[in-house]
Amino acid sequence: MKGKVKMKPVYIINGFLDSGKTDFFRYTIAQPYFRSNGLTLIIVCEEGENDYEEKLLKSTNSVKVVVEDESDFTVAKLQSFENKYNPERVLIEFNGMWDPRAIHLPKNWNIEQQITMVNCSTFEMYYTNMKSMLVEQIRKSDMILFNRCDGFNEKLPAFKRNVKAVNQQAEVIFEDRNGEVDVTLDEDLPFDLKADPIELNNYGYGMFYLDALEHADRYKGKKVRFKALVAKPKDLPNGRFVPGRLSMNCCAQDMQFLGFACDYDKTDELNEKDWVEVTAEVGKEFVKEYNGEGPVLKAVSVVPTTEPSNPVVDFTQPILSD
């Protein structure tokens with residue numbers, strides 16, 4: 001009977017040149033909590049101004065290898081490193097200009113964590129000019145770490161919003177020279193939290209969706225009103241549907257539906273993809289799709305309406321009306 005194959009943890013860090021990838025890994029391998037028996041293999045796919053000093057590598061029982069061309073980043077190449085070094089753990093400093101969807105690993109390597117590093121001073125440039133590449137980096141990451149945030153405090157809520165639109169589950173951290181920067185969206189919300197009901201246009205619905213998932217208690221007991229597409233997934237119980245809006249991160253092929261479970265006693269009268277105006281009270285309860293508690297709407301009224309002039313949620317700039 002064959003023994004179990006030992007799975008080796010792999011930590012992947014994405015980011016464009018000068019985003020701080022090397023500094024992050026240099027700091028990590030030097031920490032006592034990261035040190036353990038066995039060798040750490042560092043695979044560098046992009047060499048910047050900073051490097052791993054021999055003294056650091058020796059003291060942390062680490063070895064660095066370089067993969068210069070994207071065509072060489074193959075399972076066979078990675079397996080050759082496995083065979084040669086038999087590492088206890090693997091750190092991959094991935095090239096920000098390469099396609100992260102092409103990452104394929106040896107069978108006994110398992111991705112433990114994926115991080116995207118962002119230089120705050122260049123985020124807007126990359127988001128504007130290389131959005132599809134940046135989105136792919138963010139999409140599968142567990143953490144998005146913005147560094148060098150000094151002087152950008154007013155823009156940080158918008159940066160967080162853009163990231164959360166792509167990856168709602170990712171932890172977003174901002175750091176300046178003094179350490180972590182606290183970023184909340186309270187003052188950045190484009191609607192009046194005291195209104196009854198809270199009126200949500202295209203941009204407002206997107207912001208409400210992101211904020212309610214993170215701060216459901218903020219909206220508990222409040223009423224909201226918005227135009228939405230009707231979705232009726234087959235696995236929903238009777239008396240419940242999902243009103244929501246489509247969101248596009250970077251291209252038409254990248255559309256996703258942003259909706260909330262909504263209790264309504266006349267769901268049989270609704271058709272898939274109908275446009276309706278929903279007025280509902282926000283509650284909080286366990287929903288399996290949330291993997292825990294989250295916002296659930298209790299419909300006060302659901303009436304047919306026309307498709308709004310801006311049917312797709314846009315997180316990049318406010319849309320003043322539907």
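Just so it is clear, the structure is predicted and the values come from calculations on it, not from any experiment. As a convention, each chain's residues are numbered from 1 in the sequence order in which they are written. This being a predicted model, a pLDDT of at least 70 is required before a residue's local features are given, and a value of 80 or more before pairs of side-chain atoms are given or counted; all residues contribute to the totals for chains, interfaces and linings. No hydrogens and no water enter the side-chain calculation; it runs on all heavy atoms of the structure.

1. As for the overall build of the protein chain
Here's step 1: What the protein chain contains, in helices and strands, is eight helices and 16 strands.
Here's step 2: The proportion of buried residues among the 322 residues of the protein chain is 48%.
Here's step 3: Contacts are assigned to residue pairs that have any heavy atoms within 4.5 Å of one another. By sequence separation, contacts in the protein chain at least 24 residues apart represent 72% of the contacts at least 6 residues apart.
Here's step 4: Accessible surface, the protein chain as shown: approximately 16900 Å² in total, 47% of it carbon and sulfur.
Here's step 5: When charges are tallied, Lys and Arg are placed among the positive residues and Asp and Glu among the negative ones, while His and the ends of the chain are skipped. Charge placement uses NZ in Lys and CZ in Arg. For Asp and Glu, CG and CD serve respectively. Placing the 40 positive and 52 negative side-chain charges of the protein chain at their respective mean positions leaves the two points 5 Å apart. In this description a helix means any DSSP run of H or I spanning at least four residues, a strand means any run of E spanning at least two, and both kinds are numbered starting from the N terminus. To sort residues, take the accessible area from a 1.4 Å probe on protein chains only and compare it with the maximum for the residue type: under 20% means buried, over 50% means exposed, and anything in between is partly exposed. To measure how exposed things are, a 1.4 Å probe is used in the Shrake-Rupley method; for residues, cover is taken only from the protein chains shown.

2. A few points about the pairing of strand β6 (residues 143-147)
Here's step 1: Counting buried residues along β6, five of its five residues qualify, which places the element largely inside the surrounding structure.
Here's step 2: Of the two faces of β6, the one lined by Met143, Leu145 and Asn147 and the one lined by Ile144 and Phe146 are each fully buried.
Here's step 3: Pairing between two strands is assigned when DSSP locates at least 2 bridges connecting them. Relative to β6, strand β5 (residues 109-119) runs parallel, the two being bridged by five bridges. Note that in β6 the partner of Asn119 across the bridge is Asn147.
Here's step 4: By the bridge criterion, four bridges tie β6 to strand β7 (residues 171-176) in an arrangement that is parallel. Paired with Met143 across the bridge in β7 is Glu171.
Here's step 5: Following the backbone out of β6, through helix α6 (residues 156-166) and into the adjacent parallel β7, one traces a crossover that is right-handed. Here the term right-handed applies to a crossover when the path leading from its first strand over the helix to its second strand runs clockwise, the strands being oriented away from the viewer.

3. Concerning the confidence of the model for the protein chain
Here's step 1: A score from 0 to 100, pLDDT tells how confident the predictor is in each residue. Averaged over all residues, the pLDDT of the protein chain equals 89, while 93% of them reach at least 70.
Here's step 2: Low confidence marks residues 318-322, where pLDDT is under 50. Its contacts with residues over four positions away, or in another chain, come to 18 contacts.

4. Describing the nonpolar core
Here's step 1: The criterion is simple. A nonpolar core is a set of buried Ala, Val, Leu, Ile, Met, Phe, Trp, Tyr and Cys residues joined through side-chain atoms within 4.5 Å. In this structure, Phe191, Leu200, Tyr205, Phe208, Tyr219, Phe226 and Phe241 are the most contacted members of the largest nonpolar core, which totals 29 residues.
Here's step 2: When contributions to this core are tallied by element, the ones reaching two or more residues are β9 (198-200), α7 (202-214), β10 (223-231), β14 (275-287) and β15 (292-304).
Here's step 3: For this core, the element with the most residues is α7, which contributes seven residues.
Here's step 4: Ranked by size, the runner-up nonpolar core spans 22 residues in total, among them Phe16, Phe123, Phe146 and Val163.

5. Concerning the domain arrangement of the protein chain
In many analyses, interface size is given as the accessible surface area lost on bringing the parts together.
Here's step 1: All the domain ranges listed were derived from an automatic or database domain assignment. We note that the domain assignment places domain 1 (8-181) and domain 2 (198-304) within the protein chain.
Here's step 2: Here the C-alpha centre of domain 2 lies 35 Å away from the C-alpha centre of domain 1.
Here's step 3: By definition, the buried area sums, over both parts, the 1.4 Å-probe accessible area that each loses when the two are put together. Taken over both partners, the interface formed by domain 1 and domain 2 buries close to 880 Å², and the fraction arising from carbon and sulfur atoms is 50%.
Here's step 4: Whenever Lys or Arg places a side-chain nitrogen within 4 Å of a carboxyl oxygen from Asp or Glu, that contact is recorded as a salt bridge. Between domain 1 and domain 2 we count one salt bridge in total.
Here's step 5: A salt bridge links Glu214 to Lys160; its shortest N-O distance comes to 3.4 Å.

6. Brief notes about a negative patch on the surface
Here's step 1: On the surface, Glu171, Glu175, Glu180 and Asp182 cluster together into a negatively charged patch.
Here's step 2: Along the chain, Glu175 turns up in strand β7.
Here's step 3: A relative accessible area of 31% means that Glu175 is categorised as partly exposed. The residues that make up patches have over 30% relative accessible area and no salt bridge, and they are joined within 9 Å when like-charged or within 5 Å when they are Val, Leu, Ile, Met, Phe, Trp or Tyr.

7. As for the packing of α6 against α7
Here's step 1: Axis lines are fitted through C-alpha atoms, for helices just across the contact stretch, and the angle between N-to-C directions can take any value from 0 to 180 degrees. Viewed as axis vectors pointing N to C, α6 and α7 meet at an angle of 80°, and their least axial separation amounts to 11 Å. Judged by the inter-axis angle, α6 sits roughly perpendicular to α7. On α7, the residues that touch Lys160, Arg161, Lys164 and Ala165 of α6 are Tyr203, Met207, Leu210 and Glu214.
Here's step 2: Classification convention: Asp, Glu, Lys, Arg as charged; Ala, Val, Leu, Ile, Met, Phe, Trp, Tyr, Cys, Pro as nonpolar; all other residues, Gly among them, as polar. Taken together, the residues of the contact of α6 with α7 sort by class into four nonpolar, no polar and four charged. Roughly parallel here means an angle under 35 degrees, roughly antiparallel means over 145, roughly perpendicular means 65 to 115, and every remaining angle is called oblique.

8. Focus: the pattern of salt bridges
Here's step 1: Under the counting rule described, the total for this entry stands at 21 salt bridges.
Here's step 2: Across the salt bridge formed by Lys8 and Glu82, the nearest N and O atoms sit 2.8 Å from each other. Residue Lys8 is found in strand β1 (residues 8-14), and its partner Glu82 is found in helix α3 (residues 75-85); the two are separated by 74 residues along the sequence. Both residues of the pair, Lys8 and Glu82, count as buried.
Here's step 3: With a closest N to O distance of 4.0 Å, Arg101 and Glu136 form a salt bridge. Linking Arg101 in the loop between β4 (89-93) and β5 with Glu136 in helix α5 (residues 131-139), this pair joins segments that are 35 residues apart in sequence.

9. A look at α6
Here's step 1: Of all the 11 residues making up α6, 10 are buried; the element is thus mostly covered by neighbouring parts of the structure.
Here's step 2: All buried positions along α6 are accounted for by Leu156, Pro157, Phe159, Lys160, Arg161, Asn162, Val163, Lys164, Ala165 and Val166.

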